[in-house]
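Observations on the three-dimensional arrangement
The lines below spell out each chain.
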Amino acid sequence: MLARVFAVSALLCASVFAAQYAEVVKPLYADATSGKVIGKLLPTAEVEVLKEEGNRVLVSISGYQDAGKPAIYFVAGKRILNAGFDGKAGVEFKKLGSVVVNGVTYDKVSATAWTDKSNLTSDVAPLYAKAKDLFSQNCSMCHGLHPEKEFSANQWPSMFKSMAGRTGIDKNDYQLVIEYLQKNAKDMQ
Ligand code: HEC
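In the annotation of an unreviewed UniProt entry, the entry for the chain reads Heme-binding protein, and the organism field reads Helicobacter brantae.

So this is what it looks like as structure tokens:
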């Protein structure tokens, strides 16, 4: 009985704070109407939708910061971007706590910004599946596939970019594949 009540309330919470994930690199804006881009949201990054206005939604993005850089990272101490901002846009980062990794302190933060409603999904699994397909099909044509675990999260972006031009992977999908590789890198669990 108790378990059942718990399951129902968990379901209610899930519908109020439904997580959404960016399908592509999405521009971030300061308000619901302006065309001025203040940042970008990366594919597979999780956001919480706070409200809706016209074609846009206000989203909350959380993660970790590195020495006050205007960016929010997926985990502390690794350059896996959830979102990057224009340093001059004055985006406010709310500090939620901090963690120490290898002697360096990283702040856990959140920030809010507006983005278009399009290209957000509640199901992130197909995005990772698409990235895995693109990677395994395109990166094994000339040599054996170099596995995800061969490189660290910080090594993958430059390694991928140095090879991506030799493949048929659409430029619009580069960041999706990079996020997939980083999140499955040898220094990720
Ligand atoms: C058109 C052929 C071709 C494709 C497609 C290709 N590679 Fe390569 N790759 C090469 C060649 C040739 C080398 C040998 C080194 C060089 O030429 O830079 C290489 C080397 C590498 C190395 C070893 C580099 C090192 O310094 O140890 C890695 C890792 C790698 N490729 C990853 C990838 C990934 C990831 C992809 C998909 C995005 C990919 N390759 C797609 C041709 C290709």
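To continue, consider the overall build of the chain. When its secondary structure is counted, the chain shows four helices and 10 strands. The order of α-helices and β-strands along the chain, N terminus first, is α-β-β-β-β-β-β-β-β-β-β-α-α-α. Taken over the C-alpha trace, the chain has a radius of gyration of 18 Å; the compact-globule value for 189 residues is 16 Å, and the two agree within 12%. Accessible surface for the chain amounts to roughly 10,700 Å². Of this, 55% is attributable to carbon and sulfur atoms. When the 22 basic and 19 acidic side-chain charges of the chain are each reduced to a single mean position, those positions are 4 Å apart.

The biggest cluster of nonpolar side chains holds 22 residues, and the ones touching the most others in it are Phe135, Trp156, Phe160, Val177 and Leu181. Listed by contribution, the elements that provide at least two residues to this core are α2 (125-138), α3 (156-164) and α4 (174-183). Broken down by element, this core gets its largest block of residues, six residues, from α4. With residues up to four places along the chain from it excluded, the contact list for phenylalanine 160 reads Ile169, Tyr174, Val177, Ile178 and Leu181. The next biggest cluster of nonpolar side chains, apart from the first, holds 17 residues, and it includes Ala22, Ile38, Val47 and Phe85.

For the rest of this paragraph, the subject is the packing of α3 against α4. One way to put it is that α3 packs onto α4 with a least axis distance of 10 Å and a crossing angle of 140°. Between α3 and α4, the crossing angle belongs to the class labelled oblique. As for the relative orientation of α3 and α4, their crossing is right-handed in sense. Seen from α3, the contacting residues are Trp156, Pro157, Phe160, Lys161 and Ala164; seen from α4, they are Tyr174, Gln175, Val177, Ile178, Leu181 and Gln182. Classifying every residue of the contact of α3 with α4 by side-chain character gives eight nonpolar, two polar and one charged.

Moving on to the domain arrangement of the chain. If you check the domain split of the chain, you get domain 1 (17-121) and domain 2 (125-183). The C-alpha centroid of domain 2 is placed 23 Å from the C-alpha centroid of domain 1. Facing the 15 residues of domain 1 at the interface are nine residues of domain 2. Carbon and sulfur atoms supply 61% of the area buried between domain 1 and domain 2, which totals about 1,100 Å² over both sides. Sorting the residues of domain 1 by area buried against domain 2 places Thr44, Arg79 and Ile80 first, and these three jointly supply 49% of that buried surface. If you look at where domain 1 meets domain 2, you find three residue pairs in polar contact (both at pLDDT 80 or more). Class assignment of the residues belonging to the side of domain 1 that touches domain 2 gives a composition of nine nonpolar, three polar and three charged.

What counts, and at which threshold
- Residues numbered from 1 in each chain as written.
- Predicted model: local features only at pLDDT ≥ 70, side-chain atom pairs only at ≥ 80, totals over all residues.
- Heavy atoms only, no water.
- Helix = DSSP H or I, 4+ residues; strand = E, 2+ residues; numbered from the N terminus.
- Rg over C-alpha atoms; globule rule 2.2 N^0.38 Å.
- Areas by Shrake-Rupley, 256 points an atom, 1.4 Å probe, with all protein chains shown as cover.
- Lys, Arg positive; Asp, Glu negative; His and termini not counted.
- Charge placed at Lys NZ, Arg CZ, Asp CG, Glu CD.
- Core = buried A, V, L, I, M, F, W, Y, C linked by side-chain atoms within 4.5 Å.
- Buried < 20%, exposed > 50% of the residue type's maximum accessible area, 1.4 Å probe, protein only.
- Contact = heavy atoms within 4.5 Å.
- Axes fitted to C-alpha atoms, helices over the stretch in contact; angles between N-to-C directions.
- Parallel < 35°, antiparallel > 145°, perpendicular 65-115°, else oblique.
- Left-handed = near helix turned anticlockwise from the far one by under 90°.
- Nonpolar A, V, L, I, M, F, W, Y, C, P; charged D, E, K, R; others polar.
- Domains from an automatic or database assignment.
- Buried area = accessible area lost by both parts, 1.4 Å probe.
- Polar contact = N/O pair within 3.5 Å; in protein donor to acceptor, adjacent residues only side chain to side chain.

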